[in-house]
Structures are given as C-alpha cells and as structure tokens.
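Coordinate analysis (summary)
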Amino acid sequence: MTGKEPAGAAPCVRIYEVKAALERFSPLPLQEDYDNAGLQVGLTTEEVSGVVLCLDVTEDVIAFAVEQGCNTIVSHHPLIFRGLKHVSDGNMVERCVMQALKNDITILSMHTNMDNAYRGVSYTMAERLGMSDVAFLQPKGSTQAEGGSGVIGMLPQSMKAADFVHLLKDTFHAECVMTNALMQRPIRRVALCGGSGAFLAEEALRQQADAFVTGEMHYHDYFGLEQQIQLCIIGHYESEQYSVQRLDEVLAEALPTVRRVIYPHTTNPILYF
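In this report, the structure presented in the accompanying data block is examined. Quick caveat, the model's predicted, so the values are computed rather than measured.

1. Some remarks on the sheet that holds strand S2 (residues 51-54)
With mixed pairing, the five strands of this open sheet are ordered in space as S1-S4-S3-S2-S11. Both outer strands of the open sheet, strand S1 (38-41) and strand S11 (260-262), are each paired with one neighbouring strand and no more. For this sheet, the mean inter-axis angle between neighbouring strands, taken without regard to orientation, is 25°. Taken together, the three bridges between S2 and S11 define a ladder with parallel strand orientation. Among the inter-strand pairings, Val51 is bridged to a residue of S11, identified as Arg260. Packed on one face of the sheet, helix H2 (residues 59-68) meets S2, strand S3 (72-75) and S11 and runs near 150° to S2.

The structure is reproduced here in structure tokens:
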C-alpha cells in the first residue's frame, strides 16, 4: 500500500499486467510470422479502469469502451494487421486508432498466438462440443512456448452426418453450414480449427478424422474428399466467437479485481439472406 489508499482497498492493476497475463496464456512466440498480435495502440503503464473484450475492434466497440469507462480493449483479431502509412479518417482502422488515442484507450490483441495456444480458440470449440481426448492436430513448438494448429478429439457419441451438422448449427449459432456430400458412416472423431483452417484438412484426413470443422475454406478445397471426411464450414466469426469468453476466463483467474465487460453485440460483417 502507498499510504494514500484506504484500508482494504484493492491494489491498482496496470495495463502491462493485463498484457502479461494474456501473453502467459497465449505467448507471442506462438503467433504466425505474418501476424501482428500484442500491443496495438496506446500505453501500458496506466492503471486499468476496465477491460472490454471483443472479437473485432470497431468504432462501435471503442465508443462502448468510452461509455463503460474502460481504458483497455482486448480483442482476438488485431486492429492493425497491415502497416499504416498515415493515421487520418481514410478507413475504419485509421479512425479506430484516432479514437483510441483521443480517448486514452489501449488496445491489445491475442490472434494466432491464441489460435495456437493450449486451451486457445480450437480447444474452446472442442469444449463447446463436449469433446474428449483433445490434442493438437498439428503440434509445434518454439524455444519459449509449445502449441499447435487445430485440435482433434472425440465426440461424446457417434452420430449421423446430418445430425452432426445440426449440432454445429446449434452450438455455434450458425445461419448455415457449408459441407461436401454427407458421409454415409457415423461421425465420432472430429478435427477442428477456428478461423481459416483449410491448410489442415489433409492432416485431419491423415489422422483419420471423420469430420473437419473450420470457419472458412475456398471452393476448390471441397473437391476430392467425398466420403473420406466430412467438411463443415461454419463461418469465421462463428468459429471464433467463444474465444472472447476464454479471454474473460483468463483475466478473471489472473487479475480478479479488474473489471471486465464483454462487448454485447456481434461484430460479424457477414450477413446471410
């Protein structure tokens, strides 16, 4: 205590402590070389007044943080993914940077480092489906962290392909699920990858998965796998939406006195008609 704090007052938490807690869970060395996870905007030495958790940073999210009196935003997708040559009002990213700086808001993002972390995005998907014996589909490590791409595990019970598709729709609140031809055998062993996971489809097949679930794939990726593996594409946002709750759990455990607010609206830019 400093002597200025009332007896029993909770010690102040700095933004850098939030950053450190998040990076213990999903270490930055796990991010892909094309990524830009970590600190996006602002300073980390200020005391945390509150944290808004979201999948994407938008102007509405920043306005919500200001309304809630929160000076920290933690997102899954980075606000700044490609380099900025100037900061003005030319596009949404630039406007968000300006608004964050104007309102003294710090933005942190846990992206592919969280995709590749133990209990990260794909593990969270598996938990939602009640899967067991879950392991990394494509393990990898660095000198500072162990992780991997995607996961594979077992459903609680075998089910028909059509029933599995409906389970995905219900679990991930998907407006639709894009699939190849429905399998004529039961689905039990399932591989998952949040976001864009097409690069793991062949590995899922090699490890004898009955189904592979991800957020998005290209048209030509569907060819040639009929009756070998059930492809289920549920939408990028839909596959990663629960990562926000995981980030909330991480901060609740590491820094329980910090006020946390989950952004209550969807940031999915895709509409289905």
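2. Observations concerning the packing of helix H1 (residues 15-25) against helix H9 (residues 243-254)
At their nearest, the axes of H1 and H9 sit 10 Å apart, and the two run at 115° to each other. Between H1 and H9 lies a crossing of right-handed hand. Across the interface between the two elements, Val18, Ala21, Leu22, Arg24 and Phe25 from H1 touch Arg246, Leu247, Val250, Leu251 and Ala254 from H9. Its residues assigned to classes, the contact of H1 with H9 shows eight nonpolar, no polar and two charged.

3. A closer look at the environment of Ala117
Checked against the element boundaries, Ala117 lands in the loop between helix H4 (112-115) and helix H5 (121-128). Excluding residues that lie within four positions of it along the chain, Ala117 makes contacts with Phe25, Ser26, Leu30, Tyr123 and Phe136.

The rules behind these values
Residues numbered from 1 in each chain as written. Predicted model: local features only at pLDDT ≥ 70, side-chain atom pairs only at ≥ 80, totals over all residues. Heavy atoms only, no water. Pairing = 2+ DSSP bridges. Helix = DSSP H or I, 4+ residues; strand = E, 2+ residues; numbered from the N terminus. Axes fitted to C-alpha atoms, helices over the stretch in contact; angles between N-to-C directions. Contact = heavy atoms within 4.5 Å. Left-handed = near helix turned anticlockwise from the far one by under 90°. Nonpolar A, V, L, I, M, F, W, Y, C, P; charged D, E, K, R; others polar.

Any functional reading would require information beyond the geometric quantities listed.
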